[in-house]
Amino acid sequence: MTLFDGVYPFYPQQRKAAVFDISTIIVIVVFLTLACSFLLITPGIRGRARLYWTLRVLLSLFVGVVIVVVQFTGDWESGWVQANTSYKSFSPVQVSADIGLHIGLAGVNITLRGNPVEQINETINYNEHFPWNFGADYDHSYSQGLQKGLPSPILYVAEKFSSQSPCGVHRQYRIAGHYASAMLW
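Quick caveat, the model's predicted, so the values are computed rather than measured.

Student: Can you help me understand a nonpolar patch on the surface in this one?
Tutor: A surface patch of nonpolar side chains, about 530 Å² in accessible area, is lined by Ile22, Ile25, Ile26, Val29, Val30 and Leu34. Along the chain, the position of Val30 falls in helix H1 (residues 22-41). Given the relative accessible area of 44%, Val30 is considered partly exposed.

Student: What should I look at first to understand the pattern of salt bridges in this one?
Tutor: Tallying each qualifying case throughout the model produces two salt bridges. A salt bridge links Lys88 to Glu122; the shortest N-O distance between them is 2.9 Å. Placement of Lys88 in the loop between strand S1 (77-86) and strand S2 (94-103) and of Glu122 in strand S4 (residues 122-131) is noted, with a sequence separation of 34 residues between them. For Lys88, a relative accessible area of 43% gives the class partly exposed. With relative accessibility at 24%, the residue Glu122 sits in the partly exposed group. A salt bridge links Glu128 to Lys148; the shortest N-O distance between them is 3.2 Å. With Glu128 in strand S4 and Lys148 in helix H3 (residues 138-148), this residue pair connects regions lying 20 residues apart in the sequence. On the basis of relative accessible area, Glu128 is assigned to the buried category, the value being 15%. Owing to a relative accessible area of 55%, Lys148 belongs among the exposed residues under this scheme.

Student: Whenever I open this one, the sheet that holds S2 confuses me. Can you help?
Tutor: What holds strands together in a sheet is hydrogen bonding between their backbones, with the strands either parallel or antiparallel. Pairing within the open sheet is antiparallel, and its four strands lie in the order S1-S2-S3-S4. Single-partner strands in this sheet number two, and they are S1 and S4. Strand-to-strand twist of the sheet, defined as the mean angle between neighbouring strand axes without regard to direction, takes the value 15°. Note: strand S3 (residues 107-119) against S4, nine bridges, orientation antiparallel. Considered in S4, the bridge of Thr111 is made with Asn127. Along the sheet face, H3 touches S3 and S4 and points at about 160° away from the line of S4.

Student: Got a minute to help me understand the packing of H1 against helix H2 (residues 49-72) in this structure?
Tutor: Describing two packed helices takes the angle between their axes plus the distance from one axis to the other. Running from N to C, H1 and H2 point in directions that differ by 170°, and their axes come no closer than 10 Å. What the angle tells us is that H1 and H2 run roughly antiparallel. For the pair H1 and H2, the contacting residues are Ser23, Thr24, Val27, Ile28, Phe31, Leu34, Ala35, Phe38 and Leu39 in the first and Trp53, Thr54, Val57, Leu58, Leu61, Gly64, Val65, Val68, Val69 and Phe72 in the second. A breakdown of the residues in the contact of H1 with H2 according to their chemical character gives 15 nonpolar, four polar and no charged.

Student: Before we go on, may I ask you to explain the packing of aromatic side chains in this structure?
Tutor: Between two aromatic rings, the relevant description is the distance of the centres plus the angle of the planes. Evaluated as defined, the whole model comprises six aromatic pairs. Both rings, one in Trp132 and one in Tyr138, keep their centres 6.1 Å apart while their planes meet at 45°; by these two values the pair is tilted. Residue Tyr138 is classed as buried on the basis of its relative accessible area of 2%. Between the aromatic rings of Trp132 and Tyr173, the centroid separation amounts to 6.3 Å while the plane-to-plane angle is 15°, which identifies the pairing as stacked. Here the residue Trp132 occupies a position in the loop between S4 and H3, and Tyr173 occupies one in helix H5 (residues 169-184), the gap between them amounting to 41 residues. A relative accessible area of 25% means that Tyr173 is categorised as partly exposed. Put simply, the rings of Phe130, Trp132, Tyr138, Phe161 and Tyr173 pair up and form one aromatic cluster. Above the plane of the ring of Trp53 lies Arg56, whose end atom (NZ or CZ) is 4.9 Å from the centre.

Conventions we followed
Residues numbered from 1 in each chain as written. Predicted model: local features only at pLDDT ≥ 70, side-chain atom pairs only at ≥ 80, totals over all residues. Heavy atoms only, no water. Patch = residues over 30% accessible without salt bridge, like charges linked within 9 Å, V, L, I, M, F, W, Y side chains within 5 Å. Areas by Shrake-Rupley, 256 points an atom, 1.4 Å probe, with all protein chains shown as cover. Salt bridge = Lys/Arg side-chain N within 4 Å of Asp/Glu carboxyl O. Helix = DSSP H or I, 4+ residues; strand = E, 2+ residues; numbered from the N terminus. Buried < 20%, exposed > 50% of the residue type's maximum accessible area, 1.4 Å probe, protein only. Pairing = 2+ DSSP bridges. Axes fitted to C-alpha atoms, helices over the stretch in contact; angles between N-to-C directions. Contact = heavy atoms within 4.5 Å. Parallel < 35°, antiparallel > 145°, perpendicular 65-115°, else oblique. Nonpolar A, V, L, I, M, F, W, Y, C, P; charged D, E, K, R; others polar. Phe/Tyr/Trp six-rings, centres within 6.5 Å; stacked < 30°, edge-to-face > 60°. Lys NZ or Arg CZ within 6 Å of the ring centre and 35° of its normal.

So this is what it looks like as structure tokens:
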């Protein structure tokens, strides 16, 4: 029996995945620093102009931080499916897993999480990012995933976004991401 809902109080806890992306946190901290520095300057503005300037600057900073955070997020389009699928190539063993797809301006993020996580004597909990932004080669990162021996469901979904795929979604999403990114900047 445990004291706190499955948490043993005197043992080190398991490592948890990061909730936020570090670049998003940096952008938010920079904009919060700018907002706080403006609020320190605000007492020097006289009369009614203080309220107008405060609203104007804080609203502009809010719009700016939303635009920049949206630029770096990976969730422009996302979806999840629960499936019974083969875990490894040429293996008849089926696993029950959640497969997630998160498409952003800079690439695609594919998640594979087993239900339960421990199956067939392995931990099934993967999160792989395949970039397609400027300076990144999606096909090269896909071939690195093949060399690493990623599970079949991740490679199957990643293959649909490769440039040689007959689906053609790689070109559509990559070009749309480049144009949307350019418009946001």
